[in-house]
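Report on the structure
Okay, here's what each chain looks like letter by letter:
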Amino acid sequence: MALVLEMTREQFEELVAEALDRIPPELTRLMDNVAVFVEDEPPADDPELLGLYEGTPLTERGEWYAGVLPDRITVYRGPTLRMCETREDVVAETEVTVVHEIAHHFGIDDARLHALGYG
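Scope of this entry: the structure provided in the associated data block. (Residues numbered from 1 in each chain as written. Predicted model: local features only at pLDDT ≥ 70, side-chain atom pairs only at ≥ 80, totals over all residues. Heavy atoms only, no water.)

With that settled, the discussion passes to the packing of helix H1 (residues 9-21) against helix H4 (residues 87-105). Between two packed helices, what matters for the description is the angle formed by their axes and the separation of those axes. Between H1 and H4, the least distance of the axes is 9 Å, while the angle of their chain directions is 55°. One finds that H1 runs oblique with respect to H4. Our pair here, H1 against H4, has a crossing hand that is right-handed. For the pair H1 and H4, contact is made by Phe 12, Leu 15, Val 16, Ala 19 and Leu 20 and by Arg 87, Val 90, Val 91, Thr 94, Glu 95, Val 98 and Ile 102, respectively. A per-class count over the contact of H1 with H4 returns 9 nonpolar, 1 polar and 2 charged. (Axes fitted to C-alpha atoms, helices over the stretch in contact; angles between N-to-C directions. Helix = DSSP H or I, 4+ residues; strand = E, 2+ residues; numbered from the N terminus. Parallel < 35°, antiparallel > 145°, perpendicular 65-115°, else oblique. Left-handed = near helix turned anticlockwise from the far one by under 90°. Contact = heavy atoms within 4.5 Å. Nonpolar A, V, L, I, M, F, W, Y, C, P; charged D, E, K, R; others polar.)

Turning our attention to the nonpolar core. The biggest cluster of nonpolar side chains holds 17 residues, and the ones touching the most others in it are Met 7, Phe 12, Val 16, Val 75, Val 90, Val 98 and Ile 102. Counting only elements with at least two residues in this core, the list comes to H1, strand E3 (71-76) and H4. Here the element with the most residues in this core is H1; it accounts for 4 residues. Apart from the residues lying within four places of it in its own chain, the contact partners of Phe 12 are Met 7, Val 38, Val 75, Tyr 76, Arg 77, Thr 80, Val 90 and Thr 94. (Core = buried A, V, L, I, M, F, W, Y, C linked by side-chain atoms within 4.5 Å. Buried < 20%, exposed > 50% of the residue type's maximum accessible area, 1.4 Å probe, protein only.)

Its 19 residues give H4 an end-to-end C-alpha distance of 27 Å, which sits within 8% of 27 Å, the value for a rise of 1.5 Å per residue. Looking at H4, one finds that the buried residues are Val 90, Thr 94, Thr 97, Val 98, His 100, Glu 101, Ile 102, Ala 103, His 104 and His 105. Where H4 is buried, its residues meet H1, strand E1 (34-39), strand E2 (51-54), E3, helix H3 (77-83) and helix H5 (110-116). Downstream of H4 by one or two residues, Gly 107 has phi in the positive range, about 90°. (Expected span 1.5 Å × (residues − 1).)

This part takes up the sheet that holds E3. Strand order in the open sheet formed by 3 strands is E1-E3-E2, with mixed pairing between adjacent strands. Edge positions in the sheet fall to E1 and E2, since each of these pairs with one other strand and no more. Averaged over neighbouring strand pairs, the angle between their axes works out to 15° when direction is ignored. Here 6 bridges tie E1 to E3, and the two strands are oriented parallel to one another. The residue bridging Phe 37 from the neighbouring strand is Thr 74, located in E3. Packed onto the sheet, H1 meets E1 and E3 and runs at close to 150° relative to E1. H4 rests against E1, E2 and E3 of the sheet, and its axis sits at about 15° to E2. (Pairing = 2+ DSSP bridges.)

Listed below in structure tokens is the structure:
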């Protein structure tokens, strides 16, 4: 059995924060009503899930969109650490996951993200 890379929740949260810091400012200025979280494990029905976007994409918001809870982006530590062999792999995978989920906030679907290399 392969060893799972060890990284504390705090260390992983810092990598997610660094990935967010690398998003171009012209994009982060456009992000609206979205919060990013780190959880240890994804829902039991999708144990390999690295990240999840829950909310209403910017492209689907209309006049009705007011007073709603923030969109939620969750990055999952456990499956990321299980699939990566080195800290550098975790850094790269975390960055891809953060970009992938933020893209959903902007209304970009999985097919387009895969075509762009962020699958």
